[in-house]
Amino acid sequence: MESPSNQLAQHFTYALNEPSSTYTYLLADSESAEAVIIDPVLETVERDLMLVNQLGLTLKMAVNTHCHADHITGSGQLKRRVTGLQSAISRLSGASADLLLSEGDTIPFGRHVLTVRETPGHTDGCVTLVLGDQSLAFTGDTLLIRGCGRTDFQQGCAKRLYDSVHKKIFTLPDQCLVYPAHDYKGQTVSTVGEERRFNPRLTKNLEEFIDIMNNLNLQKPAKIDVAVPANLVCGLHEV
Ligand SMILES: N[C@@H](CCC(=O)N[C@@H](CCS)C(=O)NCC(=O)O)C(=O)O
Ligand SMILES: [Fe+2]
């Protein structure tokens, strides 16, 4: 099997966006230069556009893994700046976008394709995006490195998250690389096999998992009251 770096000549994980510690991913097909951006952040739109332009990419799709609670998406601003760019988010998120995604839908870019797996639990509308050959998975806030998304707001449900991870992510090949939407310790990538063996939450049984999730005692994201309404309209709330 070809390595992911051979298949995707340009495959970038970005530095953390402070203060939300969000990872934005830019994937491009080396032959056609068609590209997809995953989970862009409003504050880093200029950075992302500079890279897209430097590399001569044609940005086709800006896709959000869910309606984020901690930052405002850059999708709407990117759409204003890039002719032909479409936005996408899951239908179940309740948010507006050009494309409302459901289980099994595909997002093509050049010779490549991302396939949508619905992975609710952190929110109703969470999805995981899996590269066609199952070598890469963008898990949003469903599966974090040695962690997972919280389930105490935005229709969160620990049982649903547990089922999503076990049925839709842990069924991918062990060597599939896991790219989450956030990391709070600077970790950048994991694998399905690693998380299946070492994730301190998801290796527990369901009852223990629910207990862990009920006792995280995390502070509410600082921007939640602004971010959620904004993200329901693609980050274009002020117009
Ligand atoms: N302090 C941050 C918010 C941190 C947070 O709540 N992160 C979420 C993911 C973004 S919605 C989460 O699920 N965390 C799980 C965990 O175990 O940390 C802020 O104020 O933005
Ligand atoms: Fe989130």
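Let me begin by describing the structure that accompanies this report. Remember, predicted model here, so these are calculated numbers, not experimental data.

### What about the packing of aromatic side chains?
Counted under the stated rule, the structure contains five aromatic pairs. With a centroid separation of 5.4 Å and an interplanar angle of 15°, the aromatic rings of phenylalanine 138 and tyrosine 179 are classed as stacked. Within this pair, whereas phenylalanine 138 is found in strand 10 (residues 136-140), its partner tyrosine 179 is found in strand 13 (residues 177-180), the two being separated by 41 residues in sequence. The two residues phenylalanine 138 and tyrosine 179 agree in class, both being buried. Where tyrosine 162 meets phenylalanine 209, the ring centres are 5.2 Å apart and the plane angle is 45°; that geometry is what we call tilted. Separated by 47 residues along the polypeptide, tyrosine 162 in helix 4 (residues 158-169) and phenylalanine 209 in helix 6 (residues 206-214) bring together distant segments of the chain. Residue classification places phenylalanine 209 among the buried positions, given a relative accessible area of 0%. Ring-pair connections join several aromatic residues into one group, and the members of that group are Tyr23, Tyr25, Phe138 and Tyr179.

### Quick look at the coordination of the iron ion (ligand 2)
The protein atoms donating to the iron ion (ligand 2) are His66 (NE2), His122 (NE2) and Asp141 (OD), with metal-donor distances spanning 2.1 to 2.3 Å. Bound by four donor atoms, the iron ion (ligand 2) shows angles of 86 to 163° at the metal and therefore irregular coordination geometry. What makes histidine 66 buried here is its relative accessible area of 1%.

### Focus on the environment of glutamate 195
Its place among the elements puts glutamate 195 in helix 5 (residues 192-198). Along the primary structure glutamate 195 and leucine 143 are separated by 52 residues, whereas in three dimensions their C-alpha atoms are 8.6 Å apart. In contact with glutamate 195, not counting residues within four places along its chain, are Leu143, Leu144, Ile145, Arg146, Gly147, Phe170, Ser190 and Thr203. In this structure the side chain of glutamate 195 is engaged in a polar contact, spanning 2.6 Å, whose partner is the side chain of serine 190.

Reading guide: rules and limits
Residues numbered from 1 in each chain as written. Chains lettered and ligands numbered in written order. Predicted model: local features only at pLDDT ≥ 70, side-chain atom pairs only at ≥ 80, totals over all residues. Heavy atoms only, no water. Phe/Tyr/Trp six-rings, centres within 6.5 Å; stacked < 30°, edge-to-face > 60°. Helix = DSSP H or I, 4+ residues; strand = E, 2+ residues; numbered from the N terminus. Buried < 20%, exposed > 50% of the residue type's maximum accessible area, 1.4 Å probe, protein only. Donors = N, O, S within 2.8 Å, 3.2 Å for Na, K, Ca; no water. Tetrahedral: all angles 85-135°; square planar, octahedral: opposite > 155°, others 65-115°. Contact = heavy atoms within 4.5 Å. Polar contact = N/O pair within 3.5 Å; in protein donor to acceptor, adjacent residues only side chain to side chain.

Everything listed here is a matter of coordinates, which is why it stays silent on function.
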